[in-house]
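Structural characterization, general
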Amino acid sequence: MGQKKDLTGSEKSKIVRYLAEGCSSLKIAKLLKRDHRTIKRFIQNSQQGRKKRVEKPRRKITAHELRKVKRAAAKMPLATSLAIFQSCNITGVPKSTRCAILRDMAKVRKAERRPPLNKTHKLKRQDWAKKYLKTDFSKVLWTDEMRVSLDGPDGWARGWIGKGQRAPVRLRRQQGGGGVLVWAGIIKDELVGPFRVEDGVKLNSQSYCQFLEDTFFKQWYRKKSASFKKNMIFMQDNAPSHASKYSTAWLARKGIKEEKLMTWPPCSPDLNPIENLRSIIKCEIYTEGKQYTSLNSVWEAVVAAARNVDGEQIKTLTESMDGRLLSVLAKKGGYIGR
């Protein structure tokens, strides 16, 4: 039997197992059909243990350097710790120390995804803000759809785990395992819906209008008083199924037209307060990285989370519109913080 250079990972595992069973090195060599000297060398090296790591003296950071790091972190969003320290000409600091310093003054966050705004978009956002600056937003119904998947966002499945504990197993499924499309609205301190779009239905102009007829109009709008209907302003974004000629004409036949149908500027999810409600609901249904096994179970979770949203939370969102309009004007049509 010839001598080979290296043992494979599988062979090493078998050696450890055979030793635990009380086998001698000679017997292990015969079982694995390897040279006895190779087996003995591996056992001796394993028994010697690892060499202790020599700790290098850590570089101390002065207060002046800390101020430089803080300024650099503010000027370089999403930069790595190494890039931030190099921009300050601070070298010789290990990664663990750099990260510990930055945790006291910054947070690791992902870049926000938003549609790009060009000059025309910004001008339309400013015109919209000026048009509705004196509007009573307590009479505006803010609407939108959201899709909830069985798995939820990947980045939300993280959290602290105690030492010695194993991380729970998380299912991996294409497209988040599928999902449910949900429509909802808010007005003043009231939540309208949520209503579930039938599985497999793609919302075009016709199906969108039929959906509003079966849910919003029959289950909520028709119960309201004539004075409420007269003063209510309906808001929807510029999705093709919303802004088409067919949908606009259909809403007009329902009495929602002209000033009762709010015009909406392009690329403006930051101006719609129901986007914040969407975040509140998703934070609750995906807490601790929760996943779901069926579309009905995730829908039931959405309904339960919506019931937990109280009127004060909704009122805070709808009353934030005056401030949002002023922020749009102050930023000359640019994005505002939500």
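Up top is the structure.
Everything in this summary refers to the structure shown in the same document. Everything numeric here is computed off the predicted structure, so don't read it as measured data.

About the thresholds
- Residues numbered from 1 in each chain as written.
- Predicted model: local features only at pLDDT ≥ 70, side-chain atom pairs only at ≥ 80, totals over all residues.
- Heavy atoms only, no water.
- Helix = DSSP H or I, 4+ residues; strand = E, 2+ residues; numbered from the N terminus.
- Rg over C-alpha atoms; globule rule 2.2 N^0.38 Å.
- Buried < 20%, exposed > 50% of the residue type's maximum accessible area, 1.4 Å probe, protein only.
- Contact = heavy atoms within 4.5 Å.
- Areas by Shrake-Rupley, 256 points an atom, 1.4 Å probe, with all protein chains shown as cover.
- Lys, Arg positive; Asp, Glu negative; His and termini not counted.
- Charge placed at Lys NZ, Arg CZ, Asp CG, Glu CD.
- Phe/Tyr/Trp six-rings, centres within 6.5 Å; stacked < 30°, edge-to-face > 60°.
- Salt bridge = Lys/Arg side-chain N within 4 Å of Asp/Glu carboxyl O.

1. Structural notes on the overall build of the chain
Each helix and strand counted, the chain has 15 helices and four strands in total. In summary, the chain has a C-alpha radius of gyration of 30 Å against a globular reference of 20 Å for 338 residues, an excess of more than 25%. In terms of overall dimensions, the chain has a C-alpha envelope of 95 × 55 × 35 Å along the principal axes. The burial tally for the chain puts 38% of its 338 residues in the buried class. If you take every contact in the chain between residues at least 6 apart in sequence, the share linking residues at least 24 apart comes to 75%. Accessible area for the chain stands at about 22,400 Å²; split by element, carbon and sulfur atoms hold 51% of it. Looking at the chain, you have 71 positive and 32 negative side-chain charges, and the mean spots of the two groups are 11 Å apart.

2. Comments concerning the packing of aromatic side chains
Scanning all chains against the criterion turns up 15 aromatic pairs. Judged by centre distance (6.0 Å) and plane angle (20°), the rings of Trp 183 and Phe 195 are stacked. You can see Trp 183 sitting in strand E2 (residues 179-187) and its partner Phe 195 sitting in strand E3 (residues 190-196), a full 12 residues away along the chain. With respect to burial, Trp 183 and Phe 195 carry one shared label: buried.

3. Observations concerning the pattern of salt bridges
Taken as a whole and judged by the stated rule, the model has nine salt bridges. The partner of Glu 190 in a salt bridge is Lys 224, with the nearest N and O atoms 3.4 Å apart. With a gap of 34 residues between them, Glu 190 in strand E3 and Lys 224 in the loop between helix H8 (205-219) and helix H9 (226-231) connect regions that are remote in the sequence. Glu 190 gets classed as partly exposed once you look at its relative accessible area, which sits at 28%. Overall, Lys 224 belongs to the partly exposed group, its relative accessible area being 25%. The partner of Glu 213 in a salt bridge is Lys 254, and the shortest N-O contact between them spans 2.4 Å. In this pair, Glu 213 is assigned in helix H8 and Lys 254 in the loop between helix H11 (245-253) and helix H12 (274-285), connecting sequence segments 41 residues apart. Owing to a relative accessible area of 19%, Glu 213 belongs among the buried residues under this scheme.

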